[in-house]
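Overview (structure and organization)
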Amino acid sequence: MTDRDDFGTALRALRDAQKTAKGVSLYSRFVNRPVGRVLAAAAYRSGLTPNQVTLVSAAFSAAGVGALATVRPSWTLAVCVYAALAVGFAFDSADGQLARLRGDSSAAGEWLDHVVDCAKITALHAAVLISFHRFHELPGDGWLLLPLAFQLAAVLIFFGGLLTDKLRPRPAPGAAPPAPSLVRALALLPVDYGVFCGVFLLLGSERLFLGGYTAFFAAHAVFLVAFLAKWFRELSAPRAA
């Protein structure tokens, strides 16, 4: 592409250059990726690089995390935190799409993207812990361990999935990608980051937020056990010569 001013052309090109939907939840497939596509086309028209879009994503996420840790919970804060995290997640999708559109994907860009993702996941649950300690009247001090346990589960799912993808054998050249499963896409919704961000819309009610956050933790814990078993089994399978 040479016409940087043509937003529509960029958007059409992005629609034809999407990654496989295998292993992607319905939210990421039908909400986050399409929004990211629009943001990527706008970034292309503005002359931004993929790394700059990654940093924009980091800035939105950092704003949401910072507000969560420092501002007393309210319904206004709930909307602001959710909006910042959701927009940050959409820009997180946009940076890779922009790189494919520009044809300048790089190891350094992928590294920066994953570092920002890991920092976002870690910082978000740390901010919940800080908010619990500063502003919430929890049933007991043991509840302060919940964000730490959630943080561990979320980081292990992120890192384990990333490492498994790097270590599993590559498909044969020219092989068609497997068709995405609707059942799997539905099942993955509880561990989709974008869906999880919705729990912060409950910040105006301590009881509702604590219940929702606990429910998401339980889902992540169950999926973590299932994912670890699946990934280890896949990587232990004999490889074809």
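Residues numbered from 1 in each chain as written. Predicted model: local features only at pLDDT ≥ 70, side-chain atom pairs only at ≥ 80, totals over all residues. Heavy atoms only, no water.

When we look at a pair of aromatic rings, we describe it by the centre distance and by the angle of the planes. This structure, assessed with the given rule, holds 14 aromatic pairs. A centroid spacing of 4.9 Å and a plane angle of 45° characterise the contact between Phe150 and Tyr213, whose relative ring orientation is tilted. With Phe150 in helix α6 (residues 145–167) and Tyr213 in helix α9 (residues 206–236), this pair connects stretches of sequence that are 63 residues apart. On the basis of an interplanar angle of 50° and a centroid distance of 5.6 Å, the ring pair of Phe223 and Phe227 is categorised as tilted. Of this pair, Phe223 and Phe227 both sit in helix α9, four residues apart, roughly one helical turn. Per residue, the accessibility class of Phe223 equals that of Phe227, and both read buried. By way of ring pairs, the aromatic residues Phe132, Phe150, Phe196, Phe200, Phe209, Tyr213, Phe216 and Phe217 are connected into one cluster. (Phe/Tyr/Trp six-rings, centres within 6.5 Å; stacked < 30°, edge-to-face > 60°. Helix = DSSP H or I, 4+ residues; strand = E, 2+ residues; numbered from the N terminus. Buried < 20%, exposed > 50% of the residue type's maximum accessible area, 1.4 Å probe, protein only.)

With the rule as written, the count across this model stands at seven salt bridges. The partner of Lys120 in a salt bridge is Asp92, and the shortest N-O contact between them spans 3.6 Å. Of the two residues, Lys120 sits in helix α5 (residues 107–135) while Asp92 sits in helix α4 (residues 75–102), which places them 28 residues apart along the sequence. Comparing Lys120 with Asp92 shows no difference in burial state: the two are buried. Notably, a salt bridge pairs Asp117 with Lys120, separated by 3.5 Å at the nearest N-O pair. With a gap of three residues between them, Asp117 and Lys120 both fall in helix α5, about one helical turn apart. (Salt bridge = Lys/Arg side-chain N within 4 Å of Asp/Glu carboxyl O.)

Another point: the packing of α6 against α9. Look at α6 against α9: their axes get within 9 Å of each other, and the N-to-C directions meet at 30°. It follows from the interaxial angle that α6 and α9 lie roughly parallel. For the element pair α6 and α9, the recorded crossing hand is left-handed. Contacts between α6 and α9 involve Leu146, Pro147, Ala149, Phe150, Ala153, Ala154, Leu156, Ile157, Gly160, Gly161, Thr164 and Leu167 from the first element and Leu210, Tyr213, Thr214, Phe216, Phe217, His220, Leu224, Phe227, Trp231, Glu234 and Leu235 from the second. Residue composition of the contact of α6 with α9, by class: 17 nonpolar, five polar and one charged. (Axes fitted to C-alpha atoms, helices over the stretch in contact; angles between N-to-C directions. Parallel < 35°, antiparallel > 145°, perpendicular 65-115°, else oblique. Left-handed = near helix turned anticlockwise from the far one by under 90°. Contact = heavy atoms within 4.5 Å. Nonpolar A, V, L, I, M, F, W, Y, C, P; charged D, E, K, R; others polar.)

Let us look at the nonpolar core. Grouped together as the largest cluster of nonpolar side chains are 29 residues, with contacts concentrated most on Phe196 and Phe200. Those elements that place two or more of their residues in this core are α3 (50–70), α4, α5, α6, α8 (193–197) and α9. Those residues within four positions of Phe196 in sequence are excluded, and the remaining contacts are Leu124, His125, Phe150, Tyr213 and Phe216. Counting twelve residues, the second largest nonpolar core, distinct from the first, contains Leu11, Ala43, Ala94 and Leu98. (Core = buried A, V, L, I, M, F, W, Y, C linked by side-chain atoms within 4.5 Å.)

There is a patch of nonpolar side chains on the surface, built from Phe159, Leu163, Leu167 and Leu235 and spanning about 330 Å² of accessible area. It is α6 that contributes the most residues to the nonpolar patch, three residues altogether. Looking at the secondary structure, you find Leu163 in helix α6. By relative accessible area, which is 37% here, Leu163 ends up partly exposed. (Patch = residues over 30% accessible without salt bridge, like charges linked within 9 Å, V, L, I, M, F, W, Y side chains within 5 Å. Areas by Shrake-Rupley, 256 points an atom, 1.4 Å probe, with all protein chains shown as cover.)

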